[in-house]
Amino acid sequence: MAESKLKQTVRLLYTGSSKAAKRFRYTLIVFDLFTIAFFIVTAPDHPAPHILAADFALGLVILADFLARLWIAPSKLRMLRQLYTLADVLVILSLLLAPFLAANLSFLRVLRALRLLHSYHVLRDLRAETAFFRRNEDVIVACVNLGVFIFVTTALVFVLQRGRNPDIVTYLDALYF
């Protein structure tokens, strides 16, 4: 069966090598960086209505991205078994279900950073276009992984210890802890 024109266009945006595809993927990187910064800044706060609304809107955008990637995946089952896919699902659920959950799952949102450099096509584009990335790819990927670990651990300590441990008042306290 022939692939629909829409599916072919989406596939080319996510996997193609045209300038439009590269711009699209770089736009996704900028969006990911924005969302990660937003998550880090808003994680320590008790969710106010405007934060919950922003979370929900970001969750819908991330869900659309996830569904598009799933739609064009050659092996949907293989994609669903990847660690980065699980991280995306956890992030999406933490965003869309936040208003209905008593527990603060904001620490899960930082997992979005895992997707940032673990996309084959993003890595391919960065290798092709920047000599700095080609020379330092292992260090850059290791730093991203370390940063994700630190932020997830800090957010987890903050969520679990705030209110119980008098020494944990701010996000920086949890980072120091």
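One can find the structure itself at the top, above this paragraph.
Report follows, based on the coordinates. Just so you know, these numbers come straight off a predicted model, no measurement behind them.

### Topic: the side chain of Asn165
In step 1: Here Asn165 lies in the loop between helix H8 (131–161) and helix H9 (171–176).
In step 2: For Asn165, a relative accessible area of 14% puts it in the buried group.

### Digging into the pattern of salt bridges
In step 1: Counted under the stated rule, the structure contains four salt bridges.
In step 2: Notably, a salt bridge pairs Arg69 with Asp65, separated by 3.3 Å at the nearest N-O pair. Residue Arg69 and its partner Asp65 are located together in helix H3 (residues 49–72), separated by four residues, close to a single helical turn.
In step 3: Asp88 is the partner of Arg69 in a salt bridge, and the nearest nitrogen-oxygen pair spans 2.5 Å. Note that Arg69 is positioned in helix H3 and Asp88 in helix H5 (residues 83–96), a separation of 19 residues in sequence. Note on accessibility: Arg69 and Asp88 belong to one class, buried.

### A word on the environment of Asp167
In step 1: In this structure, Asp167 sits in the loop between H8 and H9.
In step 2: Judged by relative accessible area, Asp167 falls into the exposed class, the value being 59%.
In step 3: Measuring from C-alpha to C-alpha, the distance between Asp167 and Phe177 comes to 8.6 Å, with ten residues separating the pair along the chain.

### Thoughts on the packing of aromatic side chains
In step 1: Under the defined criterion, the tally for this structure stands at two aromatic pairs.
In step 2: Seen from their ring centres, Tyr14 and Phe24 are 5.0 Å apart, and the 75 degrees between their planes marks the pair as edge-to-face. With Tyr14 in helix H1 (residues 5–15) and Phe24 in helix H2 (residues 19–42), the pair connects residues that are ten residues apart, well separated along the chain.
In step 3: On the accessibility criterion, Tyr14 (10% relative accessible area) is buried.
In step 4: By relative accessible area, which is 24% here, Phe24 ends up partly exposed.
In step 5: With 6.5 Å between their ring centres and 20 degrees between their planes, Phe34 and Phe38 make a pair best called stacked. With Phe34 and Phe38 both in helix H2, this residue pair falls four residues apart, about one helical turn.

### Concerning the packing of H1 against H2
In step 1: Contact geometry for H1 and H2: axes closest at 7 Å, N-to-C directions at 70 degrees. Put simply, H1 runs roughly perpendicular to H2. Between H1 and H2 lies a crossing whose hand is right-handed. On H2, the residues touching Leu12, Leu13, Tyr14 and Thr15 of H1 are Ala20, Ala21, Phe24, Arg25 and Leu28.
In step 2: Here the contact of H1 with H2 is built from residues that sort into seven nonpolar, one polar and one charged.

What counts, and at which threshold
- Residues numbered from 1 in each chain as written.
- Predicted model: local features only at pLDDT ≥ 70, side-chain atom pairs only at ≥ 80, totals over all residues.
- Heavy atoms only, no water.
- Helix = DSSP H or I, 4+ residues; strand = E, 2+ residues; numbered from the N terminus.
- Buried < 20%, exposed > 50% of the residue type's maximum accessible area, 1.4 Å probe, protein only.
- Salt bridge = Lys/Arg side-chain N within 4 Å of Asp/Glu carboxyl O.
- Phe/Tyr/Trp six-rings, centres within 6.5 Å; stacked < 30°, edge-to-face > 60°.
- Axes fitted to C-alpha atoms, helices over the stretch in contact; angles between N-to-C directions.
- Parallel < 35°, antiparallel > 145°, perpendicular 65-115°, else oblique.
- Left-handed = near helix turned anticlockwise from the far one by under 90°.
- Contact = heavy atoms within 4.5 Å.
- Nonpolar A, V, L, I, M, F, W, Y, C, P; charged D, E, K, R; others polar.

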